[in-house]
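# Structural overview
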Amino acid sequence: SFVSHRGKYRLGPRTFRYKDQYKLVEYDFKKETLPTNMSRKVFDALLEACNPDYMSNIMKDELKLNITGSPFGFPPEESLAKAEGILKEIEKLIKEKDELVDLETKTEEVDKKYFEVEQKIYDLSNELHFYIPQEGHSVTRVSAINSSYDLEQWQEKLLHIRDIEVINRIMAGSQREPEKLHPVEYIYRSLGCGIEALEGHDSRVQYLLKNIHATNKTYTIRNIFKINPDGPDDRKGSGKRVLLYHGIETSGILSILKRGLLIAPHGKAFGSRFGEGVYFSDHFGKAYMYTRGGRYRYVIVASVDLGNVFVNVRYEDSRHNESMPETGVDTQHVQGSAAQYPGKYEISMGGSTLNLGRFWPLKTIHATLRKDQNQEDDPDYVPPQIMEESSEGEEEEEDSDEDHGSYSTASECDADNTTGDGADGEKRIRYNWLNEHSEFVVKDPASIRLEYLVQVGQ
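Rules of the game
- Residues numbered from 1 in each chain as written.
- Predicted model: local features only at pLDDT ≥ 70, side-chain atom pairs only at ≥ 80, totals over all residues.
- Heavy atoms only, no water.
- Helix = DSSP H or I, 4+ residues; strand = E, 2+ residues; numbered from the N terminus.
- Buried < 20%, exposed > 50% of the residue type's maximum accessible area, 1.4 Å probe, protein only.
- Polar contact = N/O pair within 3.5 Å; in protein donor to acceptor, adjacent residues only side chain to side chain.
- Contact = heavy atoms within 4.5 Å.
- Salt bridge = Lys/Arg side-chain N within 4 Å of Asp/Glu carboxyl O.
- Pairing = 2+ DSSP bridges.
- Patch = residues over 30% accessible without salt bridge, like charges linked within 9 Å, V, L, I, M, F, W, Y side chains within 5 Å.
- Areas by Shrake-Rupley, 256 points an atom, 1.4 Å probe, with all protein chains shown as cover.
- Axes fitted to C-alpha atoms, helices over the stretch in contact; angles between N-to-C directions.
- Parallel < 35°, antiparallel > 145°, perpendicular 65-115°, else oblique.
- Left-handed = near helix turned anticlockwise from the far one by under 90°.
- Nonpolar A, V, L, I, M, F, W, Y, C, P; charged D, E, K, R; others polar.

## Considering the side chain of Ser 352
Within the secondary structure layout, Ser 352 lies in strand S10 (residues 352-355). By relative accessible area, which is 2% here, Ser 352 ends up buried. Within the structure, Ser 352 has its side chain in polar contact with the side chain of Ser 303 (distance 2.6 Å). The contacts of Ser 352, once residues within four sequence positions are left out, are Arg 241, Val 242, Leu 243, Ser 303 and Ile 347.

## Description of helix H8 (residues 203-213)
For H8, a buried count of eight out of eleven residues is recorded, marking the element as mostly surrounded by other parts of the structure. By the burial criterion, the buried members of H8 are Val 205, Gln 206, Leu 208, Leu 209, Lys 210, Asn 211, Ile 212 and His 213. With a side-chain oxygen lying 2.8 Å from the backbone nitrogen of Arg 204, the N-terminal cap of H8 falls on Asp 202.

## Things to note about the pattern of salt bridges
Going through the model one piece at a time under the given rule, you end up with 13 salt bridges. The salt bridge involving Glu 84 is made with Arg 162; its shortest N-O contact spans 2.9 Å. On the criterion of sequence distance, the pair formed by Glu 84 in helix H4 (residues 77-102) and Arg 162 in helix H6 (residues 148-173) is long-range, its members being 78 residues apart. Overall, the relative accessible area of 18% leaves Glu 84 in the buried class. Here Arg 162 falls in the buried class, since its relative accessible area comes to 14%.

## Brief notes about the pairing of strand S2 (residues 220-227)
S2 sits mainly inside the fold: six of its eight residues count as buried. By the bridge criterion, three bridges tie strand S1 (residues 195-197) to S2 in an arrangement that is antiparallel. Counterpart to Ile 195 in the pairing with S2 is Ile 227. Two strands pair when backbone bridges link them, and S2 and strand S13 (residues 448-457) are joined in this way by six bridges, in the antiparallel orientation. The residue bridging Ile 221 from the neighbouring strand is Val 456, located in S13.

## Comments concerning the pairing of S10
Bridging between strand S9 (residues 346-349) and S10 involves four bridges; their strand directions are antiparallel. When the bridges of S10 are listed, Met 349 appears paired with Ser 352. Hairpin remark: S9 followed by S10, antiparallel, with two residues in the connecting loop; positive phi at Gly 350, about 60 degrees.

## Remarks on a nonpolar patch on the surface
Side chains of Val 309, Val 311 and Val 313 sit close together on the surface and give an oily, nonpolar patch of about 180 Å² of accessible area. For Val 309, a relative accessible area of 32% gives the class partly exposed.

## Focus on the packing of H4 against H6
Their axes nearest at 10 Å, the elements H4 and H6 cross at an angle of 165 degrees. Judged on the interaxial angle alone, H6 and H4 are roughly antiparallel. Considering only the axes of H4 and H6, their crossing is left-handed. Together, Glu 77, Leu 80, Ala 81, Ala 83, Glu 84, Leu 87, Ile 90, Glu 91, Ile 94 and Asp 98 of H4 and Ser 148, Leu 151, Trp 154, Gln 155, Leu 158, Ile 161, Arg 162, Glu 165 and Arg 169 of H6 make up the contact between the two elements. Residues belonging to the contact of H4 with H6 are distributed by class as follows: ten nonpolar, two polar and seven charged.

Right under this line is the structure:
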């Protein structure tokens, strides 16, 4: 005696909601057997990146997905595509609603328009939950996505789902013929890029550790992997390439290695305060703040062709509302209040620049550069702030494995960024990492080349 009421019910395919129709895939990665020609370090990192229990917990606990209501415990591709389209429509409606709220004169027509927009948002929110089923909504009502914050949460959720979708396919493929090809070997080959675990005495490891420890925080670096060690660099650009950091989640490792770093497709997910683009930092600690994972955390080191750079000076204005111009700019450099001294401690690694110097207040660096310019004719002049960097103790540190060369040995710098006196009596600032260190917003992912994967112990 079912009676259909318009807008109250939505009928769907019976198999879509049947909880017993599909069973979650059980994975066997043969952990006890090491594939031929694969190092133990690479093997263990790949196992962690495709841990089924970890993925299941993310989907159920963090993303709140009703994984028993979809094939293989995962929303099908057509559902994800529909959900992305719905979010785009909701984004436009939220902007329209905000514009109506900001109107100085409120009329009956404006109120009517406002309620029409809200009704559309409610309808689309209901549609979205149909395509991406959520846990708990059998007993609680569906919440409308009626604010920018709610929208960003859903955009971030879909990005997570997309990453896990890639991993899901790779993991499922690894179980097809495990007797012919080791499952982890299948995963490795499916990425389409090589991964090499570097030894602690490798000069590249030494330079990266030196740069990481310059952030004045204690990190235990377990491993550094070279990504695609034999692959050609076929990027076309300005040639002004630097090594920068990008923090990632453990659940996204396989997706990033296979597809590269991509621009978020829907605006402000994962934070897009300074416009659309792929976000990097020259400060390892800042990138690390964006990592999430289980046993280890991971940070990507990428070679970025900066091209034409637009400098946005944040430290002088904390509001910082400027956005990268739409044309004529390849990278937006959002300057923080601290930086490394340019030029003096820069080295080249594989054609990309890496600065090994410590971080100083930017105003101190600017003052020093002005002194340099005023006294450039004096061959004996050395900036006072740099004397500490160029002392004999620093030179010994570069040649010593004891201070920064040991893989598992963390930096001796204090974990809380302790202040210290410079030669001119000015104290180092205590860094507010999320707000006071530089960001680089790269407009074109084609200018990015993944170089290293840093594994950090908890």
